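# An overview of the molecular structure
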Amino acid sequence: MSIHVHRPGLLTTIQDSGRYGFQQYGVVVSGPMDTFAHRAGNLLVGNPPGYAALEMTLLGPVLEFQDAALIAICGGDFRAHINGSPLPLWRPVYVPAGSTLTVDAPKRGCRGVLAISGGLDVPLVMNSRSTYLRAGLGGLEGRALRAGDVLPVGARDEAIEPLLTAILKGMDREAQFGTVSWRISETLLPKYEEHPVLRLLEGPELYWLEEESQSELFSRTFTLQPQSDRMGCRLAGKPLRLGISRELESVPVTFGTVQLPPDGHPIVLMADRQTTGGYPRAGQVITADLPLLAQGKPGCRVRFQRVTLQEAQELLLQAELRLRQLEQSIVLQFRR
């Protein structure tokens, strides 16, 4: 099975759950920016949550399906159509062979995930299919999609056959696609907002900042800059000032680490972050809130809210519980 790319979109890459086990050699993890949308999309089409899918940024692709497929689009509120008919988001959709999917700019959000039953079957590189653009690793030749590309799709799990049968049985003969009556409940989704409030743990070098800047980190509004990318989100505002002048040896960083470079404008490290960094770590965005920042468009306003480690752990457990509940609910739907 294969999918032909007629329009690649602004920045569309193949991402699975990430390239783990090689950070000690300086190889970054990559993987999806919006981890919730990626996992949810795969669950909706009967894939394990880490399967390779397409990550779309600001403008999606135009794809022609050579064979029938089961897909799901999650994340930002993208406007999608099959042969001109509007496509619902956050639910499984049966796409007949020969259909053309067009994904235009989102009304809300920045990134979307297009999951396909069976996953995208590109070669594994260091145990992952994720694309890392700076090093040219993974995905399709280590790059974003181009017009004329052909995407190979793996074999779908037989467990979804009852769902497909039910969709086809209820599909109108003239319909451009088939789908289900249910979708993921809003109560299970992250609280996507145009101007997110991100909960933040104090970083190891927060005390390096002047006392006034330490307070302002948690009270000031920052603006997401156009220079932001998969490596990091650059935030602008009144510069934060260091009260301690000290050289910092390279230290570990991770998804959500807030670095403070010399210009005083914070950078939040994202999916393609480096493995170590030399800027002071002012804070750490909690894992549960990273999907909110992933959906931020350039120009959106961001604020930080201080939380404790215990609160961050509890919020992560709650987010994981919601995903487990979602998985069990979808499995039950497959069996009906």
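Look above for the structure.
Residues numbered from 1 in each chain as written. Predicted model: local features only at pLDDT ≥ 70, side-chain atom pairs only at ≥ 80, totals over all residues. Heavy atoms only, no water.

Now for the overall build of the chain. Scanning the chain for helices and strands turns up five helices and 21 strands. A compact globule built from 336 residues would reach a C-alpha radius of gyration of about 20 Å, and the chain, at 21 Å, matches this within 12%. With respect to the three principal axes, the spread of C-alpha positions in the chain is 70 × 40 × 35 Å. Buried positions account for 53% of the 336 residues belonging to the chain. For the chain, contacts bridging at least 24 residues in sequence account for 76% of all contacts bridging at least 6. In the structure as shown, the chain presents an accessible area of about 15000 Å², 50% of it carried by carbon and sulfur atoms. (Helix = DSSP H or I, 4+ residues; strand = E, 2+ residues; numbered from the N terminus. Rg over C-alpha atoms; globule rule 2.2 N^0.38 Å. Buried < 20%, exposed > 50% of the residue type's maximum accessible area, 1.4 Å probe, protein only. Contact = heavy atoms within 4.5 Å. Areas by Shrake-Rupley, 256 points an atom, 1.4 Å probe, with all protein chains shown as cover.)

Glancing now at the packing of aromatic side chains. Evaluated as defined, the whole model comprises two aromatic pairs. Taking the centre distance of 5.8 Å and the plane angle of 50° together, the rings of phenylalanine 222 and phenylalanine 304 count as tilted. With phenylalanine 222 in strand 14 (residues 221-224) and phenylalanine 304 in strand 21 (residues 301-306), the pair connects residues that are 82 residues apart, well separated along the chain. The class for phenylalanine 222 is buried, based on a relative accessible area of 1%. (Phe/Tyr/Trp six-rings, centres within 6.5 Å; stacked < 30°, edge-to-face > 60°.)

Okay, the nonpolar core next. Side chains of a nonpolar character, in soluble globular proteins, are inclined to be buried together. In terms of nonpolar packing, the biggest core is built from 84 residues, with Ile71, Trp90, Leu101 and Phe304 touching the most fellow members. At six residues, strand 5 (residues 69-75) tops the list of elements feeding residues into this core. Residues within four places of tryptophan 90 in sequence aside, it is in contact with Phe36, Ala37, Ala40, Leu44, Ile73, Cys74, Gly75, Arg183, Ile184, Leu189 and Tyr192. One finds Leu201, Ile286, Ala312 and Leu315 within the second-largest nonpolar core, a separate group that totals seven residues. (Core = buried A, V, L, I, M, F, W, Y, C linked by side-chain atoms within 4.5 Å.)

Moving on, we come to the sheet that holds strand 20 (residues 281-285). If you walk around this closed barrel you meet the seven strands as 13-20-17-18-15-14-21, and the pairing is mixed. Pairs of neighbouring strands in the sheet enclose a mean axial angle of 40°, with direction left out of account. In this sheet, strand 18 (residues 267-269) lies alongside strand 15 (residues 232-236) in antiparallel orientation, the contact comprising three bridges. Bridging from a neighbouring strand, glycine 232 pairs with leucine 269 of strand 18. (Pairing = 2+ DSSP bridges. Axes fitted to C-alpha atoms, helices over the stretch in contact; angles between N-to-C directions.)

Reading across the sheet, the six strands line up as 7-6-9-4-1-11 and stay open at both edges, with antiparallel pairing between neighbours. If you trace the sheet from one side to the other, it starts and ends with strand 7 (85-86) and strand 11 (150-152), each paired once.

Time to look at the side chain of glutamine 284. If you trace the backbone, glutamine 284 turns up in strand 20. A polar atom in the side chain of glutamine 284 sits 2.8 Å from the side chain of threonine 257. Leave out the neighbours within four places in its chain, and glutamine 284 touches Arg199, Leu200, Leu201, Thr254, Phe255, Gly256, Thr257 and Val258. (Polar contact = N/O pair within 3.5 Å; in protein donor to acceptor, adjacent residues only side chain to side chain.)

Bridge count between strand 13 (residues 197-202) and strand 21: four bridges; the pairing is parallel. When the bridges of strand 21 are listed, valine 197 appears paired with arginine 303. In this structure, strand 14 lies alongside strand 21, joined through three bridges in antiparallel fashion. Considered in strand 21, the bridge of threonine 223 is made with arginine 301.

Within the element layout of this structure, aspartate 16 appears in the loop between strand 2 (13-15) and helix 1 (35-44). For the buried aspartate 16, which has no salt bridge, the nearest side chain bearing the opposite charge is arginine 129, at an N-O separation of 5.4 Å. In this structure the side chain of aspartate 16 is engaged in a polar contact, spanning 2.8 Å, whose partner is the side chain of serine 128. Only 2.6 Å separates the side chain of aspartate 16 from the side chain of serine 130, close enough to count as a polar contact. (Lys, Arg positive; Asp, Glu negative; His and termini not counted. Salt bridge = Lys/Arg side-chain N within 4 Å of Asp/Glu carboxyl O.)

Turning our eyes to something else, we now look at the pattern of salt bridges. For the coordinates displayed, the defined rule picks out 17 salt bridges. The partner of glutamate 55 in a salt bridge is arginine 230, and the shortest N-O contact between them spans 2.7 Å. Residue glutamate 55 is found in strand 3 (residues 53-57), and its partner arginine 230 is found in the loop between strand 14 and strand 15; the two are separated by 175 residues along the sequence. Owing to a relative accessible area of 3%, glutamate 55 belongs among the buried residues under this scheme.

Let us look at the pairing of strand 13. Walk down a regular strand and you will see the side chains alternate between the two sheet faces. When strand 13 meets strand 20, the two strands line up antiparallel, connected through three bridges. Residue pairing in the sheet places glutamate 202 in a bridge with glycine 283 of strand 20.

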